[in-house]
Amino acid sequence: MSNPVIEAPPTAPAVTWQEGEQLARRASSRRRAKRLVLLAAGWVAMLLVWNVAAYYLPAGVLPSPLEVLIVMWEIVASGAFAANFFASVGKTFVGFLVAIAVGAPIGYLMGRYTYWRAFFHDGVTVAGTIPALTYAVLSLIIFGISDLGPILSVALVSVPYIAINVAEGVRGVDQSLVKMSQAFGRSPQQIRRDVFIPTLVPYIFAAIRMSFAVAWKVEALTEVFGGTNGVGFQIRSEYQLFNIDGVLAWMCLFIVFMLIIERLVLRQFENRVLAWRPEERVGR
Amino acid sequence: MTATATQRRSSEEQASGTSAWRRRVTSEPAARVTFYITAFLIWVGLAAMFVRVPGPAAVTASLVKEFSRGEVFSNFADTFYRFAVGVFLSVVVGLAIGVIMGMSGLARAFFESPVLVGLSIPAIIWAFLTVMWFGFGDTSPIVTTFLTAVPFVIINVAQGVQGVSRDLRDMSSSYGVPLGRRVKDLILPAVAGYVLAGVRFAVIIGWNGVLLAEWFGGSGGAGFRARYWYDANQFAGFAAWVILFVIVIVVLDQLLFERAARRAFRWRDAGH
């Protein structure tokens with residue numbers, strides 16, 4: 001079987017493939033290390049700017065990162081953070097469920113029928129551009145100072161995102177797949193479960209990701225205006241006492257934990273649910 | 001087997017079968033009109049249900065009163081000045097940082113975390129901080145607008161610059177195309193749409209920022225005037241200002257940016 005014509009060329013390549021692979025691996029790890037260093041440098045630079053500004057500005061105007069960190073620790077240690085944070089998160093999620101319950105049917109109608117698309121189009125686009133301040137104060141006017149206000153404002157701000165994404169998803173359903181299923185005598189229920197829902201789920205996750213980033217800010221804003229508990233309410237009380245370090249400490253804690261929910265919990269959940277479709281799994 | 005197939009009609013027959021008024025009612029413009037009527041009715045219903053929600057008549061009356069007092073234009077003049085300066089600054093700074101981030105992966109790694117942090121700080125925090133730092137005046141709304149809007153400009157510009165065709169960039173560098181021409185003929189057309197999207201975000205986010213800062217800083221402006229009515233428990237006056245806020249941002253967004261976006265992406269969407 002050995003054919004002399006297609007044997008290895010007489011001159012050996014400059015590097016064997018093992019060496020080449022090693023070189024490439026070393027280069028990529030060097031690049032990764034450089035990236036990590038720069039990522040850390042970004043954080044260091046931010047803290048440095050903050051620190052220098054705190055040093056040069058008159059006392060009491062801007063506390064240094066360390067002072068804020070101490071206040072953060074006090075807030076966490078006193079247990080105030082956990083109570084208020086869970087109150088805020090709870091309201092955000094309830095508002096979210098309301099938004100899904102309202103927004104998903106609207107999105108379905110919009111994706112399915114041209115009449116309903118025309119009907120809801122203006123409302124959804126306008127609702128998406130209205131400043132969050134409006135939602136916060138309007139829900140306070142409707143419900144007064146209670147837990148319902150933040151829930152309503154979260155729902156109001158999230159509905160357009162969910163409706164738009166669900167509509168997009170419904171329109172993205174592969175019609176030839178639906179026709180084929182019908183031709184093979186699948187029941188509408190089966191088609192819904194095996195064709196519609198799998199297509200829709202990624203769009204719904206996109207909607208959740210987009211609107212969650214906005215929703216928790218609006219939730220905090222509503223609490224600032226008229227909450228009885230929650231992180232926004234605490235920020236407001238610190239502001240009224242003119243405690244800049246208190247405002248900053250609550251803000252930092254809130255951002256850190258919301259980013260943890262956003263980046264880790266929701267993304268993990270999404271990856272797990274979408275694990276069956278490899279191309280959707282690439283989480284940046 | 002009995003014949004179960006009913007008489008099928010072609011879509012043309014179906015269309016001619018429906019009466020003219022029915023077709024008119026189900027047309028798209030009619031759907032739009034129906035929506036506005038429904039929304040109006042919902043408003044009337046809410047006003048009837050909740051004592052605190054002002055009805056259309058009360059809101060119109062206070063809107064007219066605000067106009068006749070001359071409050072609308074003087075306050076919006078203040079607000080627009082602050083808003084324009086803030087958005088302009090955010091676009092300039094956002095373009096500079098965004099271009100650097102898009103051009104080099106290392107700069108991207110460096111700026112990634114600051115931009116992420118900037119994106120996640122709510123406008124209300126900036127409003128509080130700037131009011132505490134700068135006191136009442138023009139500075140606080142301007143800085144709030146700038147700080148809330150700039151991260152959105154940065155990420156959009158960076159994404160646009162990163163999306164510039166690598167091949168064309170390599171080619172122009174190996175053929176020694178001068179930097180000026182490279183920017184004018186390659187980078188700008190590819191980036192324009194993203195820049196526009198960034199500016200659009202900046203306008204929408206910044207509008208919220210400027211109103212919030214005016215709400216908490218007591219030196220005039222549309223946000224301040226809305227708060228005046230809110231504090232006075234005169235919700236009709238507040239709702240009148242809300243309507244003005246919404247009209248301003250919708251007009252800006254739909255008339256200006258929707259059109260400009262279509263123009264900027266013309267080269268890309270032309271094939272469709």
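Conventions we followed
Residues numbered from 1 in each chain as written. Chains lettered and ligands numbered in written order. Predicted model: local features only at pLDDT ≥ 70, side-chain atom pairs only at ≥ 80, totals over all residues. Helix = DSSP H or I, 4+ residues; strand = E, 2+ residues; numbered from the N terminus. Buried ≥ 20, exposed ≤ 12 C-beta atoms within 10 Å, placed from the backbone. Contact = placed C-beta atoms within 7 Å. Nonpolar A, V, L, I, M, F, W, Y, C, P; charged D, E, K, R; others polar. Axes fitted to C-alpha atoms, helices over the stretch in contact; angles between N-to-C directions. Parallel < 35°, antiparallel > 145°, perpendicular 65-115°, else oblique. Left-handed = near helix turned anticlockwise from the far one by under 90°. Expected span 1.5 Å × (residues − 1). Core = buried A, V, L, I, M, F, W, Y, C linked by C-beta atoms within 7 Å. Domains from an automatic or database assignment.

**A look at the overall build of chain B**
Stage number 1. In terms of helices and strands, chain B carries 13 helices and zero strands.
Stage number 2. Reading the secondary structure of chain B in the N-to-C direction produces α-α-α-α-α-α-α-α-α-α-α-α-α.
Stage number 3. Its C-alpha atoms give chain B principal-axis dimensions of roughly 75 × 70 × 35 Å.
Stage number 4. Scored against the burial criterion, the 272 residues of chain B give a buried share of 36%.

**So, the interface of chain A and chain B**
In many analyses, interface size is given as the accessible surface area lost on bringing the parts together.
Stage number 1. With 37 residues of chain A at the interface, the matching set in chain B holds 42 residues.
Stage number 2. Among the elements that make up the side of chain A that touches chain B, the one with the highest residue count is helix H4 (residues 114–129) of chain A (nine residues).
Stage number 3. Residue composition of the side of chain A that touches chain B, by class: 28 nonpolar, five polar and four charged.

**Considerations on the packing of helix H1 (residues 17–56) of chain A against helix H6 (residues 105–120) of chain B**
Stage number 1. At a closest axis distance of 7 Å, the pairing of H1 of chain A and H6 of chain B adopts a crossing angle of 40°. Taken together, H1 of chain A and H6 of chain B sit at an angle that is classed as oblique. In the crossing of H1 of chain A with H6 of chain B, the sense of the turn from one axis to the other is right-handed. Residues Lys34, Arg35, Leu38, Leu39, Ala41, Gly42, Trp43 and Met46 of chain A of H1 of chain A lie in contact with H6 of chain B, whose contacting residues are Leu106, Ala109, Phe110, Phe111, Glu112, Ser113, Pro114 and Val117 of chain B.
Stage number 2. Considered class by class, the residues forming the contact of H1 of chain A with H6 of chain B number eleven nonpolar, two polar and three charged.

**Points about H1 of chain A**
Stage number 1. Helix length check: H1 of chain A, at 40 residues, gives a terminal C-alpha distance of 57 Å against a target of 58 Å (1.5 Å per residue), a fit within 8%.
Stage number 2. Burial runs low along H1 of chain A: only one of the 40 residues are buried.

**Structural notes on the nonpolar core**
Stage number 1. Counting residues in each nonpolar core, the largest one holds 128 residues, and the members touching the most others are Ala163 and Val166 of chain A.
Stage number 2. Of all the elements, helix H10 (residues 179–216) of chain B adds the most residues to this core, at 17 residues.
Stage number 3. Not counting residues up to four positions away in its chain, the partners in contact with Ala163 of chain A are Gly103, Ile106, Gly107, Met110, Phe120 and Val124 of chain A.

**Here's the deal with the environment of Val53 of chain B**
Stage number 1. Structurally, the position occupied by Val53 of chain B is in the loop between helix H3 (28–49) and helix H4 (56–69).
Stage number 2. Those residues in contact with Val53 of chain B that lie beyond four places of it in its chain are Ile141 and Ile142 of chain A together with Leu46 and Ala47 of chain B.

**Comments concerning the domain arrangement of chain B**
Stage number 1. Its domain assignment divides chain B into domain 1 (11–49) and domain 2 (56–269).
Stage number 2. Each of domain 1 of chain B and domain 2 of chain B was reduced to a C-alpha centroid, and the two centroids are 36 Å apart.

**Some thoughts on the packing of helix H5 (residues 132–143) of chain A against helix H12 (residues 235–264) of chain B**
Stage number 1. For the pair H5 of chain A and H12 of chain B, interaxial distance at closest approach is 11 Å and the crossing angle is 155°. Between H5 of chain A and H12 of chain B, the interaxial angle falls into the category roughly antiparallel. Classified by chirality, the crossing of H12 of chain B by H5 of chain A is left-handed. Between H5 of chain A and H12 of chain B, the contacting residues are Thr134, Val137 and Ile141 of chain A on the first element and Phe235, Phe238, Val242, Phe245 and Val246 of chain B on the second.
Stage number 2. Partitioned by chemical class, the residues of the contact of H5 of chain A with H12 of chain B number seven nonpolar, one polar and no charged.

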